[in-house]
Amino acid sequence: SMFFAAEFMCLMFYYTFYRVLFESISEYYVFIILETSHLAFEWIFYPIRASGTYCNFVARLERREGKFSGILVEFLSPYGLNCKDWQNFVALDFGIRFLILVA
């Protein structure tokens, strides 16, 4: 599945970008604003991905025919997972990222 490759590439770009960004900050208030927005994005993004609405959206895309919807499904979730397995995967992924974030 392309999901794991896309997840890895985005993760590497994401942390590289933030590392460069944080190295160039010289004011504390800018750091606080950036870190707050970063945490808010992380804490809002994961519950949305773990919701039943997201699972239903990906399931509808899987049922649709067409090249674009097939490619989109490859990047949105690992193919063939049911909603409960997907929610467990997102919770585990969030836990690992949280540990990395605070470590």
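Scroll up to find the structure this text is about.
Structural notes, computed from the coordinates. Just so it is clear, the structure is predicted and the values come from calculations on it, not from any experiment.

On to the overall build of the protein chain, then. Assigned secondary structure in the protein chain consists of five helices and zero strands. Listing each helix as α and each strand as β along the protein chain from the N terminus yields α-α-α-α-α. Taking all 103 residues of the protein chain together, 22% fall into the buried category. Counting only contacts in the protein chain whose residues sit at least 6 apart along the sequence, the fraction spanning at least 24 positions is 67%. Here the protein chain has roughly 7600 Å² of accessible surface; of this, 71% comes from carbon and sulfur atoms.

Quick look at a nonpolar patch on the surface now. Residues Phe8, Met9 and Met12 make up a contiguous nonpolar surface patch of about 320 Å² in total accessible area. For phenylalanine 8, the location among the structural elements is in helix H1 (residues 2-23).

What follows concerns helix H3 (residues 52-63). For H3, built from 12 residues, the straight-helix expectation of 16 Å at 1.5 Å per residue is met to within 8% by its first-to-last C-alpha distance of 16 Å. Buried within H3 we find Tyr54, Cys55, Val58 and Leu61. Along the long axis of H3, the arc covered by the buried residues comes to 125°, so they all point the same way. Across from the buried face of H3, at angles greater than 90 degrees, the exposed residues are Thr53 and Arg63.

With that settled, the discussion passes to the packing of aromatic side chains. What the rule picks out here adds up to five aromatic pairs. Seen in terms of ring centroids, phenylalanine 45 and tyrosine 46 are 5.9 Å apart; in terms of plane orientation they differ by 75°. Their pairing is edge-to-face. According to the relative accessible area criterion, phenylalanine 45 is partly exposed, its value standing at 35%. One aromatic cluster is present, built from ring pairs that chain together Phe41, Phe45, Tyr46 and Phe94.

With that settled, consider the nonpolar core. Listed in full, the six residues of the largest apolar core are Tyr46, Tyr54, Cys55, Val58, Trp86 and Val90. If you list the elements that add at least two residues to this core, you get H3 and helix H5 (83-102).

Definitions and limits used
- Residues numbered from 1 in each chain as written.
- Predicted model: local features only at pLDDT ≥ 70, side-chain atom pairs only at ≥ 80, totals over all residues.
- Heavy atoms only, no water.
- Helix = DSSP H or I, 4+ residues; strand = E, 2+ residues; numbered from the N terminus.
- Buried < 20%, exposed > 50% of the residue type's maximum accessible area, 1.4 Å probe, protein only.
- Contact = heavy atoms within 4.5 Å.
- Areas by Shrake-Rupley, 256 points an atom, 1.4 Å probe, with all protein chains shown as cover.
- Patch = residues over 30% accessible without salt bridge, like charges linked within 9 Å, V, L, I, M, F, W, Y side chains within 5 Å.
- Salt bridge = Lys/Arg side-chain N within 4 Å of Asp/Glu carboxyl O.
- Expected span 1.5 Å × (residues − 1).
- Arc of directions from axis to C-beta.
- Phe/Tyr/Trp six-rings, centres within 6.5 Å; stacked < 30°, edge-to-face > 60°.
- Core = buried A, V, L, I, M, F, W, Y, C linked by side-chain atoms within 4.5 Å.

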